[in-house]
Amino acid sequence: MNPQLADSAFIRACRRQTVPHTPVWFMRQAGRSLPEYRKVREGVPMLTACATPDLVAEITMQPVRRYGVDAAILFSDIVVPLVAVGVELDIKPGVGPVVENPIRDRAGVAALRPLEPGDVPYVTEAVRTLTGELGGTPLIGFAGAPFTLASYLIEGGPSKNHDHTKAMMYGEPELWHALMERLSEIALGFLRVQVEAGASAVQLFDSWVGAVGPADYREFVLPHTSRIFAGLTDLDVPRIHFGVGTGELLGLLGEAGADVVGVDWRVSLDEAALRVGPGKALQGNLDPAVLLAPWAVVERRAREVLERGRVAEGHVFNLGHGVLPSTDPDQLARLTALVHEVSAR
Ligand code: CP3
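Residues numbered from 1 in each chain as written. Predicted model: local features only at pLDDT ≥ 70, side-chain atom pairs only at ≥ 80, totals over all residues. Heavy atoms only, no water.

Caption draft 1: Quick look at the overall build of the chain. Secondary structure assignment for the chain yields 16 helices and nine strands. Seen through its C-alpha atoms, the chain measures out along the principal axes to roughly 55 × 45 × 40 Å. When contacts within the chain are restricted to residue pairs at least 6 apart in sequence, those whose partners lie at least 24 apart make up 73%. Of the side chains in the chain, 32 bear a positive and 41 a negative charge, and the two mean positions are spaced by 4 Å. (Helix = DSSP H or I, 4+ residues; strand = E, 2+ residues; numbered from the N terminus. Contact = heavy atoms within 4.5 Å. Lys, Arg positive; Asp, Glu negative; His and termini not counted. Charge placed at Lys NZ, Arg CZ, Asp CG, Glu CD.)

In structure tokens:
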């Protein structure tokens, strides 16, 4: 990694080194809460946008320009690598990923092949362009974790209870592990492409893994997430591991091999630090819905997050999940400035 990036507040915090201020970025910072995003996306389907390098670069830059956040996250989606290896799916506005033929048997699993860099040339191109444009601001690459991807593939779309997913996990453990292995390979391949093209950190999004308890996480998920993190070690970039509703899993998310554990808003950062244990930085964890309240409320809550985050060995300020589409961008601009100002040392 170039010395300027290695010395950025974001990378330093991930590595639990001293920082000039607490770094801040927002999950889903590039997206529907920004008018300039809606403008460039007009008439362009989501997956087409993700495969158009100029558009990817522009949308990735929008929140960096507007907010002055400490990191950019590549504009893409967790299902992009699945589409790239031939899975038939679409992202439906207001719904999310919808899969034509849900995967529920051996043949469906066998059809999932590993991702090669040549499958996503538009990602390589966009990341290269971005690392030039961003200068000293790190770019975060990301992938969906195997549980969350499995849930979309098995259910065929978004799901509340993950019924079919758990039915396979409990009822056909061999098939489950085979599917998780293939999805881990794909996620790892997608992360490596991004880092090899210039991304300075990676985040594994396991948005729906809070649906399982710790014993089941250890048996059905941990072997796979561990292999992904182990497969990134040689690249020497910080690895962030995030999920929603993971209060009971925080220690395991760290154990999987992440350098930084993402925390949602349900567990305060001081308590999360105890659950995660030493040797990890934390990321989080303002409830995204707080941003819908008046500024005075946002300020009070954000100061509280910073205060509790001081207990962690390293703290990257973020929301506890993605920016809600109805968020006023001015609130995020003020929040970014507040975090920088309050935490300056
Ligand atoms: O953080 C960022 O700004 C980078 C871009 C990003 C997107 N999706 C863009 C997107 C990232 C990191 C993701 C990850 C993602 N995608 C996750 C994990 C993070 C999380 O929020 O839990 C998940 C579960 C998905 C699956 C997915 N894709 C959903 C649930 C949706 C929303 C559907 C909707 O319209 O409500 C998408 C579509 C999507 N991905 C949009 C964006 C900006 C909206 C599509 C649009 O603007 O038309």
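Caption draft 2: Molecular detail of the site of the ligand. By nearness alone, 26 residues border the ligand, and Arg28, Tyr37, Asp77, Ser207 and His321 come closest of all. For the ligand, an oxygen atom lies 2.9 Å from a polar atom in the backbone of Ala30. Protein coverage of the free-state accessible area of the ligand, which is 870 Å², stands at 91%. Its atoms largely coinciding with the cavity grid, the ligand occupies the largest pocket. Mapped onto the shell around the ligand, the elements with two or more residues apiece are α3 (35–41) and β3 (96–99). Looking at the shell around the ligand residue by residue, the classes come out as 16 nonpolar, six polar and four charged. (Near = heavy atom within 4 Å. Polar contact = N/O pair within 3.5 Å; in protein donor to acceptor, adjacent residues only side chain to side chain. Areas by Shrake-Rupley, 256 points an atom, 1.4 Å probe, with all protein chains shown as cover. 1 Å grid on protein atoms, 1.4 Å probe; cavity = no way out; pocket = protein on both sides within 12 Å on 5 of 7 lines; lining within 4 Å. Sits in = over half its atoms within 2 Å of the grid points. Nonpolar A, V, L, I, M, F, W, Y, C, P; charged D, E, K, R; others polar.)

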